[in-house]
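# Per-entry structural report
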Amino acid sequence: MTLLSIIVPAYNEEQTLRTLIAAVLAVPLDGIRKEVIIVDDGSADNTYGIMESLRDENPDQIRILRHEVNRGKGAALQTGIDEATGDIILIQDADLEYDPQEYPRLLAPILDNKADVVYGSRFMGGGPHRVVYFWHCVGNRFLTLLSNMFTNINLTDMETCYKVFRSEIIKSLRIEESRFGFEPEITAKVARTRCRIYEVGISYAGRTYDEGKKVGWRDGFRAIWCILKYNLRPRAAAPKGQPQETGDRRQETGK
């Protein structure tokens, strides 16, 4: 049976976390067992208390981890990925913008042995979309275009939360960005592996800032910097007898 590790970074998500995890656990996946890893990133509200309750209610499916101080989404994802034991790893935000009912569509290209990595695109169609911020949409499309120019892959939504990986792919990469720079960083590093990347269309229920949306314009400028940094960085030479560099995972003592 295939084990799916679902990594859920959470920061001040007490309003949505329980509903989200219930939806994750309810998704029917034939032949797949779920391992849900929730990482509290130094929340100031009752997020961690809810996590403890969820773990106690579902001890066979839920594991919880905690950062004592807020370190950012990228750092929370690295913590969760390091602890994941699944054959496939899926990233799920703790809010309700992305619907876990999309899992079968996201997993299908990997389970059919067509893909090693799958992105869920908000811009390909495939479901209803809440109408929110125009300039966020423009910014996301611009960042995706800029990323594609350097990676030479034709994604439609680089900034999407929904990214699914064969475990060996994502575990070979060291995440260096602690905040939302994770998206362009991991895209650049995945593109360098020359693995098989697919996109599938997904629905999207975007939040407003009043409802808790966290990404802002500063993160957009950081994303531009990350696109340049991780795509223009010289490739490390592969040791003799080993395949070409598949990422930037480093020995812990060499950070």
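Here the structure is shown first, and the text comes after it.
Before going into details, it helps to say that this report is about the structure given with it. Worth saying up front: this structure is predicted, and the values here are computed from it rather than measured. (Residues numbered from 1 in each chain as written. Predicted model: local features only at pLDDT ≥ 70, side-chain atom pairs only at ≥ 80, totals over all residues. Heavy atoms only, no water.)

## Some points on the packing of aromatic side chains
In plain terms, the rule: For Phe, Tyr and Trp, rings pair up if their centres lie within 6.5 Å, where Trp contributes its six-membered ring, and each pair is then called stacked (planes under 30 degrees apart), edge-to-face (over 60) or tilted (otherwise). For helices the rule is a DSSP run of H or I covering at least 4 residues; for strands it is a run of E covering at least 2, with both sets numbered from the N terminus onward. Partly exposed residues are those whose accessible area sits between 20% and 50% of the maximum for their type, while under 20% is buried and over 50% is exposed, using a 1.4 Å probe and protein chains only. Put simply, a charge is over a ring when the Lys NZ or the Arg CZ is close to the ring centre, within 6 Å, and near the line of the ring normal, within 35 degrees.
If you walk through the whole model with that rule in mind, you get 3 aromatic pairs. When the centroid spacing of 6.1 Å and the interplanar angle of 70 degrees are considered together, the rings of tyrosine 103 and tyrosine 162 count as edge-to-face. Remark: tyrosine 162 occurs in the loop between α5 (134–151) and β6 (163–166) and tyrosine 103 occurs in helix α4 (residues 103–111); sequence separation between them is 59 residues. Take tyrosine 103 and tyrosine 162: they sit in the same class, and that class is buried. Members of the aromatic cluster, connected to one another through ring pairs, are Tyr98, Tyr103, Tyr162 and Tyr204. In this arrangement the basic side chain of arginine 122 is found over the ring face of tyrosine 204, its NZ or CZ atom lying 5.1 Å from the centre. Just above the ring of phenylalanine 123 sits the side chain of arginine 141; from NZ or CZ to the centre is 4.2 Å.

## Quick notes on the pattern of salt bridges
The line we're drawing: For this analysis, a salt bridge means a side-chain nitrogen from Lys or Arg found within 4 Å of a carboxyl oxygen belonging to Asp or Glu.
On inspection of all chains with the given rule, the structure shows 17 salt bridges. Its salt-bridge partner being glutamate 177, residue arginine 222 comes within 2.9 Å of it at the nearest N-O pair. Here glutamate 177 lies in the loop between α6 (167–171) and α7 (182–193) and arginine 222 lies in helix α8 (residues 217–232), a separation of 45 residues in the sequence.

## Looking at the pairing of strand β4 (residues 88–91)
Let me state the cut-off plainly: Think of it this way: DSSP has to see at least two bridges between two strands before they count as a pair.
Alternating positions in β4 separate into two faces, Ile88 and Leu90 on one and Ile89 and Ile91 on the other, with burial throughout. Sheet topology note: the strand β1 (residues 2–10)/β4 ladder contains 4 bridges and is parallel. When the bridges of β4 are listed, isoleucine 6 appears paired with leucine 90. In the sheet, β4 pairs with β6 via 3 bridges, with the strands oriented antiparallel. Looking at the pairing, isoleucine 88 lines up with arginine 166 of β6.

## Some words on unusual backbone geometry
Despite not being glycine, asparagine 12 has its phi angle at roughly 55 degrees, a positive value. Looking at the element boundaries, asparagine 12 is found in the loop between β1 and α1 (17–26). Here asparagine 12 falls in the partly exposed class, since its relative accessible area comes to 29%. Despite not being glycine, asparagine 152 shows a phi value in the positive range, around 60 degrees. Mapped onto the secondary structure, asparagine 152 falls in the loop between α5 and β6.

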